Amino acid sequence: MPLSEIFEQQREIEGAQSRAGENSITMLCLDTGSSRIAIALESAREVVEHPHIVGYPIAVKPHVGLANVRGSVVPVVSLGTGECKLNTMIVLESAGKQPFALLARDVRPVILKDSNITANSRSTSPTSGVVSIDGRPIRWCSVAWLVQRLFGGNDSVSR
Amino acid sequence: MSDSNLLDDPIFAEFRSEAKELLVRVRMACRSWDSGAPVTPEALNDVLRHLHTIKGNSAMFELSNTQAAAHALETFLIPFKNSAQNLASADILHVQTEADRIDDLLENFDQVPTETPVADQAVAPSRAEPKPRSSPAAPASASSIEEMIRVPLARVNDTLNYTWEIFLLRNQLSYLVEKHHASSNEENYEFLQKWEMIDSAMRRNISELESAAMGMRMRTVSVIYDRVDKVCRSYLATSAKKVEIVRCGENVEVDKLVVDLLAEPMVHLIRNALDHGIELPEVRVASGKPEIGKVSLVTRVDGDQVEITISDDGGGIDADKVLAKARACGIDIGGIEDDPDADVLGLIFHSGLSTAETITNVSGRGVGTDAVKTAVSEMGGTVRVVSELGQGTTFVIRIPLSVSVLNALLFEANGALYATSISSVVEVCRASIDELHILEDETFFDLRGTFIPCLDIRPALAGSVDKQNEQDISLVIVARGDGFVAVRVSNVVQHVELVLKKLPPLALNHSTVSGYSILHTGQPVFVLDLDELAQLAKARRHRFPREVAHAS
């Protein structure tokens, strides 16, 4: 994505957020392949489209492989269950400052005006809830909730 | 000063580090005297000075027990100042034992009551005849003393990390240059020539930088030998067994990380040798062996690897007992008993498998040898065991001298690129499918007249097995136990130098993956343990499509 486009999007989001006022939060709404979820935009370090992922030699769900994100190698995971192609990677950071990337598709920003979501989606505790976006129920969650779902709450995985 | 304050005090950390170094020098002096070197007044004064330093600094931190122990040892040695040559073996042993005790006091300073000083223990010097010693050498001149500074390990590690990053970036830069200047006009040719010169100089300088930084981390294995000595002294002090410990190669230098990681495994193997290997004197004599058992520790450099051999002349390991125990523990032995080439003794590296008749305070819980294998594997090394019942056991550990830059083989399997350490690779070959032979559900490869097991790892890996070109096959011949195994891959690509990195914390860990690296393209590549993969493949028992009836 060209830099000019990124800045344009950023301006649009900031503009929309300031128009929405306080108690509003910009969430990233995405399809994980098994459901749609929303996470706080500020939790996402990076969004990479069409990432190049090197798969594990012996794969175990939800682990997919490793990706080089501007010089840093991050583990990639997926909540997808079907054959749908997940062409975007959201780079997140656990509470222990460990980066990981979640595969997704159809990623778009959404501004929500809900003080409960504003307070809890940034939480370092596993919190989640359900909100209506475009007339559909969507689960919003903190990164800690995702980590618990993906890694069982541990900041390191070992077999 | 409270113990919790001391733990946070960087000056205390400095004192403890220095004190331990001084104790190492004390033990080194004792070892050299024990092996016949002269006890010169200068050498003895050095030892006394070290003890005096420890005593004074301990007082500063109110470590009364450490202070008293250092003082007692000083008091013991002072009478020898004018008659150093009279220091007997028993006296040297006393100095070593007390140095061990001071080390323990420093290590566990927060567990010892600090306000009850231990009374001076007046230990009388031995009346035994002093050992005959060689003539004293001329004292070293002041100009030959090397100037040293203390550098925090973190700074050395940072230097190394940056060196490795430069190494990886240089690989990527080289690839980009070659990729974008592939056309052969004169201008490009001149550019490429100049680039070759600069690139060659870069590689040389990076290599020098790496050597210099790695050199700062190198330590002799004598640090491990000292720990082993301590364990042996402690064990033999309460045992009826008689054992001679033979040490060789203690001046071999390896990376500090290797020393740190190897210390526990080696201590464990020595404990096992003492506890379960060497027999009681009367048992040894009854079986025609010398009363005094022998445990030897030999370290040598073999190319870019260091080999450590720990052997004993004890009772050996009973392979039948190992198999029986493995079955009883529910370990998958996968037809190993029918395979004459199987590495039965290798089963002892499984967690929980101990064939010790009794569990002692020292060993026998079966949780040690698997830790040995894990620690060695983490360093990119191998460990194997050879044993003869009634004669003794030998463990051979081989690890890369450097645990940073890895000599690796890139290969393809199921459309994906992987790397493996070249340390256990003996040969790479392309063969015809006709050179494979099936015998009783096992596949063998004819390696110049010798049939070796052949295992296809491709079905064990992610992705679909590439069915194209099944006539020509690629094999990696790997050393395993006392023999070889041919590992089938899709294609062997090339030999590369990689920087082996640990997997990120949230990545999937698997026993077949040693770590990862970054290729010149910037793409991550998994570094696989071929031996583990081959075992996994064997457990799955995959056949090759073409069967040829052939009698071996």
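Before reading further, recall that the structure is shown in the block above.
Residues numbered from 1 in each chain as written. Chains lettered and ligands numbered in written order. Predicted model: local features only at pLDDT ≥ 70, side-chain atom pairs only at ≥ 80, totals over all residues. Heavy atoms only, no water.

Peer 1: Requested: an account of the interface of chain A and chain B, with residues and values cited.
Peer 2: Across the contact, 24 residues belong to chain A and 23 residues belong to chain B. On the surface where chain A and chain B come into contact, there are 0 salt bridges. Viewed at the interface, chain B and chain A are joined by 2 residue pairs in polar contact (both at pLDDT 80 or more). At the level of secondary structure, the elements contributing two or more residues to the side of chain A that touches chain B comprise strand E4 (53–55), strand E5 (63–69), strand E6 (72–77) and strand E8 (99–113) of chain A. If one sorts the elements of the side of chain A that touches chain B by residue count, E5 of chain A sits on top with 4 residues. Among the residues making up the side of chain A that touches chain B, the classes are represented as 13 nonpolar, 9 polar and 2 charged. (Contact = heavy atoms within 4.5 Å. Salt bridge = Lys/Arg side-chain N within 4 Å of Asp/Glu carboxyl O. Polar contact = N/O pair within 3.5 Å; in protein donor to acceptor, adjacent residues only side chain to side chain. Helix = DSSP H or I, 4+ residues; strand = E, 2+ residues; numbered from the N terminus. Nonpolar A, V, L, I, M, F, W, Y, C, P; charged D, E, K, R; others polar.)

Peer 1: Just give me the short version of the sheet that holds strand E4 (residues 293–302) of chain B, but keep the residues and values in it.
Peer 2: All names here are of chain B. Spatial strand order, E2-E4-E5-E7-E6: 5 strands in an open sheet with mixed pairing. Lying at the two open borders of the sheet, with one neighbouring strand each, are strand E2 (243–248) and strand E6 (382–388). If you compare each strand with its neighbour and ignore which way they point, the axes differ by 10° on average. (Pairing = 2+ DSSP bridges. Axes fitted to C-alpha atoms, helices over the stretch in contact; angles between N-to-C directions.)

Peer 1: I'd like a description of the packing of helix H8 (residues 222–236) of chain B against helix H9 (residues 256–277) of chain B, backed by residues and values.
Peer 2: Residue and element names in this part refer to chain B. Two elements in contact, H8 and H9, have axes separated by 9 Å at closest approach and are oriented at 30°. One way to sum up the angle between H8 and H9 is to call them roughly parallel. Note on packing geometry: the crossing formed by H8 with H9 is right-handed. Within the contact between the two elements, H8 uses Val 223, Ile 224, Arg 227, Val 228, Val 231, Cys 232 and Tyr 235 and H9 uses Val 259, Leu 262, Ala 263, Glu 264, Met 266, Val 267, Ile 270, Arg 271, Leu 274 and Asp 275. Among the residues forming the contact of H8 with H9, the class breakdown is 13 nonpolar, no polar and 4 charged. (Parallel < 35°, antiparallel > 145°, perpendicular 65-115°, else oblique. Left-handed = near helix turned anticlockwise from the far one by under 90°.)

Peer 1: How would you explain the pattern of salt bridges if you had to name every residue and give the values?
Peer 2: Pairing between side chains becomes possible if they bear opposite charge and their charged atoms approach one another. All names here are of chain B. Applying the stated rule across the entire model yields 29 salt bridges over all chains. Among the salt bridges present, the one from Lys 230 reaches Asp 104, with a minimum N-O distance of 2.9 Å. Within this pair, whereas Lys 230 is found in helix H8, its partner Asp 104 is found in helix H5 (residues 89–107), the two being separated by 126 residues in sequence. Here Lys 242 makes a salt bridge to Glu 291, at a shortest N to O gap of 3.4 Å. Here Lys 242, found in the loop between H8 and E2, pairs with Glu 291, found in the loop between helix H10 (281–286) and E4; they are 49 residues apart in sequence, far enough to count as distant. By sharing partners, the salt bridges in this structure join Lys 20, Arg 27, Asp 100, Asp 103, Glu 107 and Arg 233 into a single network.

Peer 1: Kindly report on the environment of Val 478 of chain B, identifying the contributing residues and their values.
Peer 2: Its place among the elements puts Val 478 of chain B in strand E14 (residues 472–480). Along the sequence, Val 478 of chain B and Ser 424 of chain B sit 54 residues apart, while their C-alpha atoms lie 5.6 Å from each other.

Peer 1: Describe the pairing of strand E7 (residues 88–93) of chain A, and please don't skip the residues or the numbers.
Peer 2: Residue and element names in this part refer to chain A. Counting buried residues in E7 gives 5 out of 6 residues, a clear majority hidden from the surface. Where strand E3 (residues 46–49) and E7 come together, 4 bridges link them in antiparallel fashion. Residue pairing across strands places Glu 49 opposite Thr 88, the latter belonging to E7. Sheet analysis places E7 next to E8, joined by 6 bridges and oriented antiparallel. Bridging across to E8, Glu 93 finds its partner in Pro 99. Once E7 ends, the chain turns through 5 residues before running back antiparallel as E8, passing Lys 97 with a positive phi of about 65°. (Buried < 20%, exposed > 50% of the residue type's maximum accessible area, 1.4 Å probe, protein only.)

Peer 1: Account for the sheet that holds E14 of chain B, with residues named and values stated.
Peer 2: Hydrogen bonding along the main chain pairs the strands of a sheet, whether they run parallel or antiparallel. Residue and element names in this part refer to chain B. One open sheet accounts for 6 strands, arranged E10-E14-E15-E13-E12-E11; its pairing is mixed. Because the sheet does not close on itself, it has two edges, and the strands there are strand E10 (425–432) and strand E11 (436–439). Taking the axes of each pair of neighbouring strands and ignoring which way they run, one obtains an average angle of 40° across the sheet. Where E14 meets strand E15 (residues 483–489), 7 bridges bridge the pair, whose relative direction is antiparallel. Each residue of the ladder has a partner; that of Leu 475, found in E15, is Arg 488.

Peer 1: Which residues make up the packing of aromatic side chains, and what values go with them?
Peer 2: Enumeration according to the criterion identifies 7 aromatic pairs over all chains in this entry. Note on Phe 100 of chain A and Phe 151 of chain A: the rings are 5.5 Å apart at their centroids and 85° apart in plane angle, and the pair reads as edge-to-face. Here Phe 100 of chain A, found in strand E8, pairs with Phe 151 of chain A, found in helix H3 (residues 143–151); they are 51 residues apart in sequence, far enough to count as distant. When its relative accessible area of 8% is taken as the criterion, Phe 151 of chain A is described as buried. Between Phe 411 of chain B and Tyr 418 of chain B the ring centres are 6.0 Å apart and the planes differ by 40°, which places this aromatic pair in the tilted class. With a relative accessible area of 0%, Phe 411 of chain B lands in the buried category. Classification of Tyr 418 of chain B by relative accessible area gives buried; the value is 1%. (Phe/Tyr/Trp six-rings, centres within 6.5 Å; stacked < 30°, edge-to-face > 60°.)

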